[in-house]
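If you want the building blocks of each chain, they are given just below.
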Amino acid sequence: MPDDARSPAASGTAGGAGGVRPGARVVAHGWGWRHAARHAHAVRGLDLVVEPGERVLLLGASGAGKSTLLAALAGVLGGDEEGDAEGTLTVDDREPADQRGRVGLVLQDPDSQVVLARVGDDVAFGCENLGVPRDEIWPRVDAALADVGLDLPRDHPTTQLSGGQQQRLALAGALALRPGLLLLDEPTANLDPAGVVEVRDAVARTAAATGTTLVVVEHRVSTWLPVVDRVVVLAAGGGVLADGRPDEVLVAQRDVLVDAGVWVPSVPAALPARRERPADAAPPAPLLRAVQLAVGRGGRRRPAVATGVDAVVREGTALVVTGPNGAGKSTVALTVAGLLAPVGGDLVADDALAAGAGPSPVRWRSRQLLTRVGTVFQHPEHQFLAPTVRRELAVGPEALGLPAEEVARRVDALLARLRLAHLAEANPFTLSGGEKRRLSVATVLATSPRVLVLDEPTFGQDARTWRELVALLGELLDEGAAIVAVSHDAEFVAAVADEVLDLAAHTVPLAERHAP
Amino acid sequence: MSVVLAPVDAPGAIGRVSPVAKLGAAVVLSVALLLSIDPVSAGVALVLEVLLLPFAGLSVRQLALRTLPLWIAAPSAVVATALYGRDEGAVLWQAWFVTVTEGSLDLALAIGLRILAVGIPGIVLFATTDPTDLADGLAQVLRLPARFVLGGLAGLRLVGLFVDDWRQLALARRARGVADGRGPVAATRRLAGQAFALLVLSVRRGSKLATAMEAKGFGSDAPRTWARPARWAWRDTVLLAIAVLVAAVAVTAAVLADAWELVLA
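Since we're looking at a predicted model, the values are computed, not measured. (Residues numbered from 1 in each chain as written. Chains lettered and ligands numbered in written order. Predicted model: local features only at pLDDT ≥ 70, side-chain atom pairs only at ≥ 80, totals over all residues.)

## Some details on the overall build of chain B
Argument step 1. Per the secondary structure count, chain B includes 9 helices and 2 strands.
Argument step 2. In sequence order, the secondary structure elements of chain B are arranged as α-α-α-α-β-β-α-α-α-α-α.
Argument step 3. A compact globule built from 265 residues should have a C-alpha radius of gyration of about 18 Å, whereas chain B, at 23 Å, is more than 25% larger.
Argument step 4. Counting only C-alpha atoms and orienting by the principal axes, one finds that chain B spans roughly 65 × 60 × 40 Å.
Argument step 5. Burial status across chain B gives 36% buried among its 265 residues. (Helix = DSSP H or I, 4+ residues; strand = E, 2+ residues; numbered from the N terminus. Rg over C-alpha atoms; globule rule 2.2 N^0.38 Å. Buried ≥ 20, exposed ≤ 12 C-beta atoms within 10 Å, placed from the backbone.)

## Some words on the environment of A:Val49
Argument step 1. Its place among the elements puts A:Val49 in strand β2 (residues 43-50).
Argument step 2. Along the chain, A:Val49 and A:Thr90 lie 41 residues apart, while their C-alpha atoms are 9.7 Å from each other.

## Examining unusual backbone geometry
Residues and elements named next belong to chain A.
Argument step 1. In this model, Arg419 sits at a positive phi of 50°, which is unusual for a non-glycine residue.
Argument step 2. Topologically, Arg419 is positioned in the loop between α13 (404-417) and α14 (433-445).
Argument step 3. Notably, Ser448 is not glycine yet its phi reads approximately 45°, a positive angle.
Argument step 4. Note that Ser448 resides in the loop between α14 and β15 (451-455).

## Points about the domain arrangement of chain B
Argument step 1. Examined at the domain level, chain B breaks down into domain 1 (13-135 + 232-256) and domain 2 (145-215).
Argument step 2. For domain 1 of chain B versus domain 2 of chain B, the separation of C-alpha centres amounts to 33 Å. (Domains from an automatic or database assignment.)

## Observations regarding helix α2 (residues 119-129) of chain A
Argument step 1. Of all the 11 residues making up α2(A), 11 are buried; the element is thus mostly covered by neighbouring parts of the structure.
Argument step 2. Residues A:Val119, A:Gly120, A:Asp121, A:Asp122, A:Val123, A:Ala124, A:Phe125, A:Gly126, A:Cys127, A:Glu128 and A:Asn129 constitute the buried set of α2(A).
Argument step 3. In this structure, the buried residues of α2(A) make contact with α3 (134-147) and α4 (163-175) of chain A together with α6 (131-140) of chain B. (Contact = placed C-beta atoms within 7 Å.)

## Digging into the packing of α2(A) against α3(A)
Residues and elements named next belong to chain A.
Argument step 1. Taken N-terminus to C-terminus, the directions of α2 and α3 make an angle of 125°; their axes are 9 Å apart at the nearest point. Here α3 runs oblique to α2, going by the angle between their axes. Like other packed secondary-structure pairs, α2 and α3 cross with a definite hand, here right-handed. Here Gly120, Val123, Ala124, Cys127 and Glu128 of α2 lie close against α3, whose contacting residues are Ile137, Arg140, Val141, Ala144 and Leu145.
Argument step 2. Of the residues that constitute the contact of α2 with α3, the class distribution is 7 nonpolar, 1 polar and 2 charged. (Axes fitted to C-alpha atoms, helices over the stretch in contact; angles between N-to-C directions. Parallel < 35°, antiparallel > 145°, perpendicular 65-115°, else oblique. Left-handed = near helix turned anticlockwise from the far one by under 90°. Nonpolar A, V, L, I, M, F, W, Y, C, P; charged D, E, K, R; others polar.)

## Regarding the pairing of strand β12 (residues 318-322) of chain A
All names here are of chain A.
Argument step 1. Counting buried residues along β12, 5 of its 5 residues qualify, which places the element largely inside the surrounding structure.
Argument step 2. The alternating pattern of β12 places Ala318, Val320 and Thr322 on one face and Leu319 and Val321 on the opposite face, and all of these are buried.
Argument step 3. Two strands pair when backbone bridges link them, and β12 and strand β16 (residues 482-486) are joined in this way by 4 bridges, in the parallel orientation. Note on β16: the bridge partner recorded for Leu319 is Val484.
Argument step 4. Both β12 and strand β17 (residues 499-502) contribute to a ladder of 4 bridges, which runs parallel. In the strand pairing of β17, Leu319 is matched with Glu499. (Pairing = 2+ DSSP bridges.)

## Digging into α14(A)
Because an α-helix packs 3.6 residues into every turn, residues spaced three or four apart end up facing the same way.
Residues and elements named next belong to chain A.
Argument step 1. In this model, α14 (13 residues) spans 19 Å end to end at C-alpha, consistent with the 18 Å of a helix rising 1.5 Å per residue.
Argument step 2. All of the buried residues along α14 are Glu435, Lys436, Arg437, Arg438, Leu439, Ser440, Val441, Ala442, Thr443, Val444 and Leu445.
Argument step 3. Those residues of α14 that are buried are in contact with β14 (373-376), α12 (389-399), α13, β15 and α15 (463-478). (Expected span 1.5 Å × (residues − 1).)

## Here's the deal with the sheet that holds β2(A)
All names here are of chain A.
Argument step 1. Taken together, the 3 strands give an open sheet; going across it, the order is β2-β1-β4, and neighbouring strands pair in antiparallel fashion. In the strand order of this sheet, the two ends are held by β2 and β4 (83-91), each with one partner. Within this sheet the neighbouring strands show an average axis-to-axis angle of 20°, counted without direction.
Argument step 2. Bridging between strand β1 (residues 26-35) and β2 involves 5 bridges; their strand directions are antiparallel. Bridging across to β2, Val26 finds its partner in Val50.
Argument step 3. Each of β1, β2 and β4 is contacted by helix α1 (residues 66-73), which is oriented at about 115° to β1, the strand it contacts most.

## Focus on the interface of chain A and chain B
Argument step 1. On the chain B side, the residues contacting the 50 residues of chain A number 37 residues.
Argument step 2. Tallying contributions element by element places α2(A) first for the side of chain A that touches chain B, with 7 residues.
Argument step 3. For the side of chain A that touches chain B, the per-class residue count stands at 26 nonpolar, 14 polar and 10 charged.

## Things to note about the packing of helix α3 (residues 39-52) of chain B against helix α5 (residues 102-127) of chain B
All names here are of chain B.
Argument step 1. Between α3 and α5, the least distance of the axes is 8 Å, while the angle of their chain directions is 35°. As for the relative orientation of α3 and α5, their crossing is left-handed in sense. When α3 is examined against α5, the residues Pro39, Ala42, Gly43, Ala45, Leu46 and Glu49 are found in contact with a partner set consisting of Asp106, Leu109, Ala110, Leu113, Arg114, Leu116, Ala117, Ile120 and Pro121.
Argument step 2. Residues that form the contact of α3 with α5 fall into these classes: 11 nonpolar, 1 polar and 3 charged.

## A word on the domain arrangement of chain A
When the parts of a complex come together, some accessible area is lost, and that lost area is often taken as the interface size.
All names here are of chain A.
Argument step 1. By domain assignment, chain A separates into domain 1 (53-80 + 100-259) and domain 2 (286-512).
Argument step 2. Placing the centre of domain 1 and that of domain 2 at their C-alpha centroids yields a distance of 32 Å.
Argument step 3. Counting from both sides, the interface comprises 13 residues of domain 1 and, opposite them, 11 residues of domain 2.

## Here we look at the environment of A:Val332
All names here are of chain A.
Argument step 1. As for its placement among the helices and strands, Val332 is situated in helix α9 (residues 329-336).
Argument step 2. For the pair formed by Val332 and Leu503, sequence separation is 171 residues and the distance between their alpha carbons is 9.1 Å.
Argument step 3. Discounting residues that sit within four places of it in the chain, Val332 has contacts with Val295, Ala306, Val309, Val321 and Leu503.

## Quick look at the confidence of the model for chain A
In low-pLDDT segments, the atomic positions of the prediction should not be examined closely.
Argument step 1. For chain A, the mean per-residue pLDDT works out to 86, and 93% of the residues sit at or above 70.
Argument step 2. Looking across chain A, the model is least confident in helix α8 (residues 254-259) of chain A, with a mean pLDDT of 85, and most confident in β14(A), with 96. (pLDDT = per-residue confidence, 0-100.)

## Quick word on the sheet that holds strand β13 (residues 344-349) of chain A
The strands that make up a sheet are held in pairs by hydrogen bonds between backbone atoms, and each pair lies either parallel or antiparallel.
Residues and elements named next belong to chain A.
Argument step 1. On the basis of which strands lie adjacent, the open sheet formed by 3 strands has the order β11-β10-β13 and antiparallel pairing. Of all the strands in the sheet, the pair left with one neighbour each is β11 (306-314) and β13. Between one strand axis and the next, the sheet turns through 5° on average, direction left out of account.
Argument step 2. The pairing of strand β10 (residues 286-295) with β11 spans 6 bridges and is classified as antiparallel. By the bridge assignment, Leu288 is partnered in β11 with Val313.
Argument step 3. Contacting β10, β11 and β13, α9 crosses the sheet at an angle of about 130° to β10.

Encoded structure:
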């Protein structure tokens, strides 16, 4: 496969990883897989050939089995006790499990992939496992770090990396194996825009230089179009729905892809229709005011992450907090939500919101928060408390002491409104990413708080969940709720924000974060 | 993770000593001092250890910060044992059901000194030990199974994430309206629920990490190489010899002073 002219960085160095082994060939023949605990197959009847050096973007609806296929190709799907396989799946004519080291895998969550405490050791880990001689390991490590553009000393702590750096570290760890097949499972879904570009460019550079076969799963198609030369769409019921050149597939399968939650570049993000505010209407009432607010974790004696924040939260208005990773956006959100005490300055609730609970949200009782400020956490798992979706939704209303009929009425209404009715008896932890996000928003809406705080609500979400979420927030704003959202998703900001607070100017540099 | 848990980059000789030797030294001292509960062996060991402290590679501040738990634990144990410990010999002071006797005072001193004499070398030696280096040593010097050692090491890295998860869970519970209950029963129930949630999260994190490790060839049957060599050197033998010497002097002194009392006997 010749270097693709569209590749943005075909001239990369790829020193150590350079062209040692050609790309691997992948063949699936009637392949399928069923998890031991499930009735339905995750993948079924898959026929697919990926030639050496091809760069494939793998698309498909949630549940079409994209991640299952990648795990199988990486040989980490597990043995017979994990599930049943049918048909054949080979990498260079051999079982993937016998091809460890021939295949590199990078996963979505940066936190869960770092194995060791120092950058160099973490990259070396795979080489050690494969029995690469010591003299050869460190040159490979240095080359892999250079290839992904991670210009850090070998003993740099892995805890002090940004999300984009962590993902490039994971990529370096995979590249050090000198794989013939590189598998990326939503590698940029949890990154800020700068991180997305860092990782994408590192992949493009190394793929071009090494000629490795590449298979990427990612909803945000436009990010990867410059890198891939083929798009394969898996059908939800099994098999391949579409396969071909990216431009052709994206046009021919547009509606199917949009329905599957793929961000098709030609389809603009839908903006919610907001109710027009009459010109002569009184300005929206303020609910919360931040005055020279300084935020941090652990109260007034701990160092501040961001300082001098002035903002007013008004009813029927969305305030979106933006800024790069580590700017303190989440800390601001959790402080405004009355969960963290301000480190300095003031956060004052107006009487309209406080309703007798006092001016300082962090001093409110937990139950008093429910009808005043609701918080949707970045990771929905943190806020789940109950064994079923239905009971999860009942937690808030029951804590308010509402009568059983009213609790049931609210729960049923939310199940319908957020398309969760068919999952009412499911365990929240078993839901898909989009379903978890919808449930976490629904749990907060169950007690009708006047202020809604959302921390990265669109993080890792597909286009369909994104549209639903944006539409729902539009409705809530029209109903008079105030919204405070943290996001680095430019489209989300454009769709929702009435006011934008850029935190970059308020962030305390890492080196200066010490106690006052 | 917190400052107190992160390893100190020790200057000088101690920084180059194998973590396995440090572990061995700490084990030798602990075993010797836990065989008997008497003030003499612990006191002698403590004096010798304090003389060695300047070579530990820690600044006074680091030393104070890291041994802080000992300075709280030891006096508390002394007071508790003196007041409530097994009474023997002359009664020195009595009020209600509390009696301080010569025997309980003796025992209190023995326990207080022991906490310091076992704790200080343990903390000081591990303060300068990097977990990765310890794992390298355990696997290469002591030949413990790599799967076991590296699994533990990877798990250790998750501890920092668990701390973050725990905080986040506490905030989420407040936000969900279920953090109000007062009194020990409500607090216990809340803590138990939060601990269970942490368990669920940690299992999920653990299985994701295991997948990432497996994808990098961990756990395969192929022979493994080690990127960082770990060998036993003469200075490791020296440290171990010092520990054995301190333990021997302490035990001998106790036996000569007729204070030695084997707990197992």
